[in-house]
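What follows is each chain in one-letter form.
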Amino acid sequence: GRNEACTISGLPTVELETVAFDVEQCGSCGCDYLTVNGKKYCGTSGPSGAVAEDGVIEWRSDGSVVESGWKICWATRPPSPPSPPP
């Protein structure tokens, strides 16, 4: 969408897998971009293999071109939360 800003936190420190990634690219990722560990990803190059060391990814988009978007998953399954006590 246009003019979006989103911060996703609490990610496990495992590798990310880019299932789909197609966002507007202009210059050095100045229009629409996903940020992982301070590195911006745009165009059709997603963050496959990156690990969100701080547990955070950020998405920003401007008000112009809209592409198909992105889908990012964990490359490995994160650990399960502990079971609640009986």
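All values derive from a computational prediction rather than experimental measurement.

Conventions and cut-offs
- Residues numbered from 1 in each chain as written.
- Predicted model: local features only at pLDDT ≥ 70, side-chain atom pairs only at ≥ 80, totals over all residues.
- Heavy atoms only, no water.
- Buried < 20%, exposed > 50% of the residue type's maximum accessible area, 1.4 Å probe, protein only.
- Helix = DSSP H or I, 4+ residues; strand = E, 2+ residues; numbered from the N terminus.
- Pairing = 2+ DSSP bridges.
- Core = buried A, V, L, I, M, F, W, Y, C linked by side-chain atoms within 4.5 Å.
- Contact = heavy atoms within 4.5 Å.

Further remarks concern the pairing of strand 5 (residues 56-60). By the alternation rule, side chains of strand 5 split into I57 and W59, which are all buried, and V56, E58 and R60, of which none is buried. In the sheet, strand 1 (residues 5-9) pairs with strand 5 via five bridges, with the strands oriented antiparallel. For I8, the partnering residue across the bridge sits in strand 5 and is I57. Two elements, strand 3 (residues 33-36) and strand 5, share four bridges in a ladder whose sense is antiparallel. Counted as the bridge partner of Y33 is R60 from strand 5.

So, about the nonpolar core. Of all hydrophobic cores here, the largest spans 15 residues; its most connected members are F21, L34, V36 and I57. Going through the elements one at a time, strand 2 (16-22), strand 3 and strand 5 are the ones with two or more residues in this core. Here this core gets three residues from one element, more than from any other, and that element is strand 3. Residue contacts for L34: discarding those within four places in its chain leaves F21, K39, K40, Y41, P47, I57, E58, W59, W70 and I72.

Shape descriptors only; they carry no functional weight alone.
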